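For reference, the chains in residue letters:
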Amino acid sequence: MNRRVVVTGVGVVSPLGASTADTWRGLCEGVSGAGYITRFDAQEYDVRIAAEAWDFDPAAVLDPKSARRMDRFCQMAIAAGLEAIRESGLDIAANADRIGTCVCSGIGGMATWETQYQILLEKGPSRVSPFLIPMLVVNMASGNLAIEVGARGPSMTVISACASSLHGIGESYHMIKRGDADAMLAGGAEAAVTRCSVAGFGNMKAISTRNDDPKRASRPFDRERDGFVIGEGAAVLVLEEYEAARALGAEMLGEIRGYGASADAFHMTLPAENHEGAQRAMRSALASAGLAPGDIGYVNAHGTSTQMNDAREAVAIREVFGAHADHLPVSSTKSMTGHLLGAAGAAEVFACLYGMKHGVIPPTINYEYPDPDCRGLDFVPNVAREATYDNSMCNSFGFGGQNAVLIVSKV
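Computed from a predicted structure; not experimentally measured. (Residues numbered from 1 in each chain as written. Predicted model: local features only at pLDDT ≥ 70, side-chain atom pairs only at ≥ 80, totals over all residues. Heavy atoms only, no water.)

Mind showing me how you'd approach the overall build of the protein chain here?
When helices and strands are tallied, the protein chain shows 13 helices and 13 strands. Expected size for 411 residues packed as a compact globule is a radius of gyration near 22 Å; at 20 Å, the protein chain falls within 12% of this value. Judged by the C-alpha coordinates and their principal axes, the protein chain covers about 65 × 55 × 40 Å. Residues classed as buried in the protein chain amount to 61% of the 411 residues present. Accessible surface for the protein chain amounts to roughly 15300 Å². Of this, 51% is attributable to carbon and sulfur atoms. Each charge sign in the protein chain was given a centre, from 35 positive and 47 negative side chains, and these centres are 2 Å apart. (Helix = DSSP H or I, 4+ residues; strand = E, 2+ residues; numbered from the N terminus. Rg over C-alpha atoms; globule rule 2.2 N^0.38 Å. Buried < 20%, exposed > 50% of the residue type's maximum accessible area, 1.4 Å probe, protein only. Areas by Shrake-Rupley, 256 points an atom, 1.4 Å probe, with all protein chains shown as cover. Lys, Arg positive; Asp, Glu negative; His and termini not counted. Charge placed at Lys NZ, Arg CZ, Asp CG, Glu CD.)

And the structure:
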């Protein structure tokens, strides 16, 4: 089967706000969601900044007992999923066996693991929570969301580091296309602003140490970039089969038009030379969408604000888009949200969908000093741009050389 797949709802929890409206407003206004870490005492750390989901309150969506039995990443997944369902108007009870969940994460319940391991060391094994495992494991974002809303179709999780949620959306798209489901709640959630996670990323020199100026720390493609700002949040999309959504009069935010995936098979953390694997994923997405490079009106880049990733992604975009790259807006919304790790791709698909809907291209903020290694692309510096465009590409690349690219289009 080759059914069309559309997006009818989106829910977002991000450092810019605990809803799609607040997050979109922040993206349009070029607001940075970075600040000083409050999730733990970071005074002894080289890195003391993060982009936390400052406004998120689990009590707004969960009763206290349920909240205590879920890690923060699951709590945010529930909040984003419920908002997406409200926006779509999807009646899950009417077709529960054909509606699935695929909410992904790169790390999962890191805070739960750290807390319970400390209890093990200090108080012994008998004091470890019986909820440790179901709070820790990554698939529980999908599982808990399915339980919360009664979705009894396929439920699974993709784990591919920072490409997780984009892979999850792409695989959910294929499930609907081939008839395995009629709708999927797909996206990602991450809550890794924790002691061990920040120490680990910091010691591998992946995250920014611009502690004196957190709002300006995430600066993708800028010559002065020194690493990403770790963020937390969740984004969930409601994907539906086109004919069914049209028959029900659903508002369609866009269509999933193409999806590509590849492996660098090169290095644990570094992108391949000239980001060759990313090039193949972008070309695969274009081919599956039946589009030429010149048909793409905007690229939401992976753009992490790390030296090598940004430079090699820029080379890859030049190689794939050729002369069209001279006129192609390319921005990184991570400059505002920070890097949401496994949830990043889904949040960035949201930016593409709302950008096409509202005729806006989100900016790359903190772009001050052009880097010749980034090949002179139009990074939409600092200020959002009004524009009309029909097709957007979203890039996500994960540790292990795992690449995912999605193309979304106006319906």
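Honestly, the pattern of salt bridges in this entry has me stumped. Any pointers?
Pairing between side chains of opposite charge can happen when their charged atoms approach one another. Applying the stated criterion across every chain yields a total of 23 salt bridges. In this structure, the salt-bridge partner of R195 is E114, at a minimum N-O distance of 3.7 Å. Placement of R195 in helix α8 (residues 195-203) and of E114 in helix α4 (residues 110-123) is noted, with a sequence separation of 81 residues between them. Its relative accessible area of 38% is what places R195 among the partly exposed residues. In this structure E114 comes out as buried when scored by relative accessible area, which is 8%. Counted as one network, the salt bridges with shared partners bring together D213, R216, R219, D222 and E368. (Salt bridge = Lys/Arg side-chain N within 4 Å of Asp/Glu carboxyl O.)

Help me out: how do you make sense of the packing of aromatic side chains in this one?
Between two aromatic rings, the relevant description is the distance of the centres plus the angle of the planes. Applying the stated criterion across every chain, the model contains 10 aromatic pairs. Measuring from ring centre to ring centre gives 6.5 Å for F201 and F399, while their planes differ by 50°; the resulting arrangement is tilted. Placement of F201 in helix α8 and of F399 in the loop between β12 (391-398) and β13 (402-409) is noted, with a sequence separation of 198 residues between them. The class for F399 is partly exposed, based on a relative accessible area of 32%. Between R4 and the ring centre of Y242, over which it is positioned, the NZ or CZ distance is 4.1 Å. For K357, the ring lying beneath its charged end belongs to Y354, and the centroid distance is 5.3 Å. (Phe/Tyr/Trp six-rings, centres within 6.5 Å; stacked < 30°, edge-to-face > 60°. Lys NZ or Arg CZ within 6 Å of the ring centre and 35° of its normal.)

Looking at this model, I keep getting lost on helix α11 (residues 307-321). Mind explaining?
Residues three or four positions apart in an α-helix share a direction because the helix packs 3.6 residues into each turn. Counted at 1.5 Å a residue, the expected span for α11 with its 15 residues is 21 Å, and the 22 Å between its end C-alpha atoms agrees. With 11 of 15 residues buried, α11 lies mostly within the body of the structure. Among all positions in α11, only N309, D310, A311, R312, E313, A314, V315, A316, I317, V320 and F321 are buried. The elements touched by buried residues of α11 are α10 (276-289), β8 (298-300), β9 (330-331) and β12. Backbone geometry just after α11 places G322 at a positive phi near 55°. (Expected span 1.5 Å × (residues − 1). Contact = heavy atoms within 4.5 Å.)

Explain the packing of helix α7 (residues 164-177) against helix α13 (residues 344-358) here, please?
When two helices pack together, their arrangement is captured by the angle between the axes and the distance separating the axes. Running from N to C, α7 and α13 cross one another at 65°; their axes reach a closest spacing of 5 Å. Viewed along their axes, α7 and α13 adopt a mutual orientation that is roughly perpendicular. On α13, the residues that touch S165, L166 and I169 of α7 are A344, G345, A346 and V349. Of the residues in the contact of α7 with α13, the class split is five nonpolar, two polar and no charged. (Axes fitted to C-alpha atoms, helices over the stretch in contact; angles between N-to-C directions. Parallel < 35°, antiparallel > 145°, perpendicular 65-115°, else oblique. Nonpolar A, V, L, I, M, F, W, Y, C, P; charged D, E, K, R; others polar.)

Honestly, the layout of surface pockets in this entry has me stumped. Any pointers?
In this approach the atoms are scanned with a rolling probe the size of a water molecule, which exposes any empty space left behind. When its volume is computed, the largest pocket comes out at roughly 430 Å³. Around the largest pocket, the lining comprises 25 residues; the ones closest to its centre are T269, P271, T306, N309 and F399. In terms of residues, the lining of the largest pocket owes the most to one element, α11, which gives three residues. Classifying every residue of the lining of the largest pocket by side-chain character gives 10 nonpolar, 12 polar and three charged. (1 Å grid on protein atoms, 1.4 Å probe; cavity = no way out; pocket = protein on both sides within 12 Å on 5 of 7 lines; lining within 4 Å. Points joined across faces, edges and corners; volume = space filled by probe spheres on them.)

Can you walk me through the packing of α4 against α8 in this structure?
Direction vectors running N to C along α4 and α8 enclose 110°, while the axes themselves pass 8 Å from each other. Relative to α8, the element α4 lies roughly perpendicular. When α4 is examined against α8, the residues M110, W113 and E114 are found in contact with a partner set consisting of R195, C196 and S197. Tallied by class, the residues present in the contact of α4 with α8 amount to three nonpolar, one polar and two charged.

How do you make sense of the sheet that holds strand β7 (residues 254-263) when you look at a structure like this?
Strand pairing in a sheet relies on backbone hydrogen bonds. The paired strands run either parallel or antiparallel. What the nine strands build is an open sheet, ordered β4-β5-β6-β1-β7-β13-β12-β8-β9; its pairing is mixed. Edge positions in the open sheet fall to β4 (99-104) and β9, since each of these has one partner strand only. The pairing of strand β1 (residues 5-13) with strand β6 (residues 233-241) spans eight bridges and is classified as antiparallel. Bridge pairing in β6 places V10 opposite L237. Those strands touched by α7 are β1, β4, β5 (183-190), β6, β7, β12 and β13, and its axis lies near 120° from that of β7. (Pairing = 2+ DSSP bridges.)

Can you help me understand empty space enclosed by the protein in this one?
Evaluation of the coordinates by the stated rule reveals one cavity of 30 Å³ or more. Looking at the largest cavity, its volume works out to about 60 Å³. Every residue along the wall of the largest cavity is listed here: V12, S14, T23, L27, T333, T337, L340, A347, E348, F350 and A351. Going through the elements one at a time, α1 (20-29) and α13 are the ones with two or more residues in the lining of the largest cavity. Ranked by residue count, the leading element in the lining of the largest cavity is α13, at four residues. A per-class count over the lining of the largest cavity returns six nonpolar, four polar and one charged.

How should a nonpolar patch on the surface be read in this particular structure?
Judged by side-chain polarity, W113, Y117, L120 and L121 come together as a nonpolar surface patch covering roughly 390 Å² of accessible area. Mapped onto the fold, L120 is located in helix α4. By relative accessible area, L120 is classed as partly exposed at 33%. (Patch = residues over 30% accessible without salt bridge, like charges linked within 9 Å, V, L, I, M, F, W, Y side chains within 5 Å.)

By themselves these figures say nothing about function.
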